[in-house]
Every structure is written in structure tokens, then in C-alpha cells.
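Summary of structural features
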Amino acid sequence: VLTHLKQAFSQYKSIQYYKKKSSNLFFINKIKKKSLLIVANYQPEGTSYPEGKENNNHIDIISKIRAKGYRGTIYYKEHYDSQFFYLDVIQSTKVGIARSKKYYQDLEKLGCKFLPFNFSLQNKKYRNYFLPITICGTIAVERSLLGYNTIICGYPWYKGLPGTYHINNIDLKNLNLSIFKNSTKVKKNSFNYLKKIINKKTIINYPGTGGLQKMLSDDNEKEYKNKILKITKLFDIK
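Within the chain one finds eight helices and eight strands. Burial analysis of the chain (238 residues in total) assigns 39% to the buried set. A total of about 14500 Å² of accessible surface is found on the chain, and carbon and sulfur atoms cover 56% of it.

Along the chain, Gln-43 connects to Pro-44 via a cis peptide bond; the corresponding omega equals -5 degrees. Residue placement: Pro-44 occurs in the loop between strand 1 (35-39) and helix 3 (58-67). The omega torsion of the bond from Tyr-49 to Pro-50 falls at 15 degrees, within 30 degrees of zero and hence cis. A positive phi is found at Lys-53, a non-glycine position, where the angle reads about 50 degrees. Topologically, Lys-53 is positioned in the loop between strand 1 and helix 3.

Let's shift gears to the layout of surface pockets. The computed volume of the largest pocket comes to approximately 760 Å³. In terms of lining residues, the largest pocket is bounded by 28 residues, among which Val-39, His-79, Thr-138, Ile-139 and Glu-142 are the most central. Among the secondary structure elements, those contributing two or more residues to the lining of the largest pocket are strand 1 and helix 6 (139-146). Considering every element that reaches the lining of the largest pocket, the biggest residue donor is helix 6, with four residues.

Here the focus is a nonpolar patch on the surface. Taken together, the side chains of Ile-203, Ile-228 and Ile-231 present a nonpolar region at the surface, about 190 Å² in accessible area. Within the element layout of this structure, Ile-231 appears in helix 8 (residues 218-234). Note on Ile-231: relative accessible area 34%, which makes it partly exposed.

On to the packing of aromatic side chains. All chains considered together, the criterion is met by 14 aromatic pairs. Aromatic side chains Tyr-18 and Tyr-76 sit 6.4 Å apart centroid to centroid with 65 degrees between the ring planes, which places their arrangement in the edge-to-face category. Pair noted here: Tyr-18 is in helix 1 (residues 2-21) and Tyr-76 is in strand 2 (residues 74-77), with a separation of 58 residues, a long-range link. Assigned by exposure class, Tyr-18 and Tyr-76 land together as buried. Aromatic side chains Tyr-76 and Phe-114 sit 5.9 Å apart centroid to centroid with 75 degrees between the ring planes, which places their arrangement in the edge-to-face category. Of the two residues, Tyr-76 sits in strand 2 while Phe-114 sits in strand 5 (residues 112-115), which places them 38 residues apart along the sequence. Like Tyr-76, the residue Phe-114 is buried in the burial classification. Taken together through their ring pairs, the aromatic side chains of Tyr-18, Tyr-76, Tyr-103, Tyr-104, Phe-114 and Phe-117 make up a single cluster. If you follow Lys-34 out to its NZ or CZ, it ends over the ring of Tyr-129, 5.3 Å from the centre. Above the ring of Tyr-155, the side-chain terminus of Lys-53 is found at 4.8 Å from the ring centroid.

Time to look at the packing of helix 1 against helix 4 (residues 101-109). In the contact formed by helix 1 and helix 4, the axes pass within 8 Å of each other and the chain directions differ by 35 degrees. Contacts between helix 1 and helix 4 involve Ser-14, Tyr-17, Tyr-18 and Lys-21 from the former and Lys-101, Tyr-104, Gln-105 and Glu-108 from the latter.

Attention shifts here to the environment of Ile-139. Of note, Ile-139 is situated in helix 6. On the accessibility criterion, Ile-139 (17% relative accessible area) is buried. Sequence-wise, Ile-139 and Val-39 are 100 residues apart; in three dimensions their C-alpha atoms are separated by 8.5 Å. In this structure, Ile-139 is in contact with Val-39, Leu-121, Pro-132, Thr-134 and Thr-150, ignoring residues within four places of it in sequence.

Another aspect to go through is the pattern of salt bridges. A complete count under the given rule lists five salt bridges for this structure. We note a salt bridge from Glu-78 to Arg-99, for which the minimum N-O separation is 2.6 Å. Note that Glu-78 is positioned in the loop between strand 2 and strand 3 (87-88) and Arg-99 in the loop between strand 4 (91-92) and helix 4, a separation of 21 residues in sequence. Grouping residues by exposure puts Glu-78 and Arg-99 together as buried.

Procedures and definitions
Residues numbered from 1 in each chain as written. Predicted model: local features only at pLDDT ≥ 70, side-chain atom pairs only at ≥ 80, totals over all residues. Heavy atoms only, no water. Helix = DSSP H or I, 4+ residues; strand = E, 2+ residues; numbered from the N terminus. Buried < 20%, exposed > 50% of the residue type's maximum accessible area, 1.4 Å probe, protein only. Areas by Shrake-Rupley, 256 points an atom, 1.4 Å probe, with all protein chains shown as cover. 1 Å grid on protein atoms, 1.4 Å probe; cavity = no way out; pocket = protein on both sides within 12 Å on 5 of 7 lines; lining within 4 Å. Points joined across faces, edges and corners; volume = space filled by probe spheres on them. Patch = residues over 30% accessible without salt bridge, like charges linked within 9 Å, V, L, I, M, F, W, Y side chains within 5 Å. Salt bridge = Lys/Arg side-chain N within 4 Å of Asp/Glu carboxyl O. Phe/Tyr/Trp six-rings, centres within 6.5 Å; stacked < 30°, edge-to-face > 60°. Lys NZ or Arg CZ within 6 Å of the ring centre and 35° of its normal. Axes fitted to C-alpha atoms, helices over the stretch in contact; angles between N-to-C directions. Contact = heavy atoms within 4.5 Å.

Structure, rendered in C-alpha cells:
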């Protein structure tokens, strides 16, 4: 219990520091120079590690960006859920415990500026000014389907998706500004790519995993169980 309280207190201090330092929306509206934007992953979660492999945390990623020659401002948008103290039965889900005041101060030393929790790239006027960088977040999938590009740092299930560039394979020192533009070709090709790898290859979300609506029915339960059994047999899981 004491450990959980210490973690919660550290998270609380980090949240307050981030909110104090984050730029308001008025400032964001004044941004005209195209910039990189770290869209922080929900952490801890498999989309950071193991899927991120060697690029599993934002400090290392930003250090790599600097090592690759990028000298501009790097904007950082914290994951919205990192500001909450979720409870799972009787304990914290640990969301946001990888954050601390020092963590944000280290980001500032690397030249980062913070955007507020309520900032959203769904607003069209921001899409052409920021190039998001994610470890393995689904923001890359959403943007590709809209025709926009994203830099990924890990090795997600959608690896190879049109509109995504791996951080290890992109020139950040001489970044081509065309990467910020919308592309009808990316939009079309990403849809076809996802259709090929997902269509008729997913499992019905019978139990409502991820907080989604449960799909409770006898037929759905039967289908769900049969597919889970096929997977366990495929990988010889006892």
C-alpha cells in the first residue's frame, strides 16, 4: 500500500508540473513552422515493450532524434490517460507511473515543449503542422486511413503500413517537408493493406476487451471459444 501511495504522489506531482509547463491552445494556434510531435504511448503497455524493442521509451527516442541531426523544437503530447489514477479492483492499474517531474525536466533538456492534455490532432488545422512520432500506437493506423504520414519507432502488427516511416530509416536532419502533406495514394493504399491483413482474420470481441461493448450471445460465445481453442492448438499452448 505504501508503495502505491508513493507512486500516486509522484504521478500527481508530475501531472501538475506537466500542466504548468504545457503550452495553451492560443500558443498552438500561433505555430506556423512544421515540427515533430511525440505522441506519447499509453504506458506501461505492450505497445511500448516488447513491441518497441530497442525504442521502447520516449527519452531514448528523443535522444535518437537529436543524434540523427534534427535541431528543431520537438513537441510532446502526453497520453490523455496518464493524468488519471485508475483503480483495477483494489489497486492502481499503474498508468502513468513511468512519469515523474524529473522525467519531464529531462524532456525539456532535450528541447521538448509540451502540449496540453486536451490537444487533439483530429483538428484539421493542426494536421499539416505536426508530424507525429509514436512507438507502436494506433494513431499511425488512423492517420494512414486519412492519408497522413506517421513515424513509428517499434515493430507493431501493422508494420509496413503505407504512410508509416520507421525512425531508423528516415533522414531527420534533412526532413522532406512533403511528408507533412495529405496523400490520396496513402489513404487508398493503407485501406487495401489493412483489408488484406485484417479482413476475416480477427476474433469477435465477445467479452468486451478494452472497455468495448460486450457482444453477448450464445452464437458469439461459441465462435469466440472455438477460435481461442484453434489459437492455443496452433501454438501448442497447454
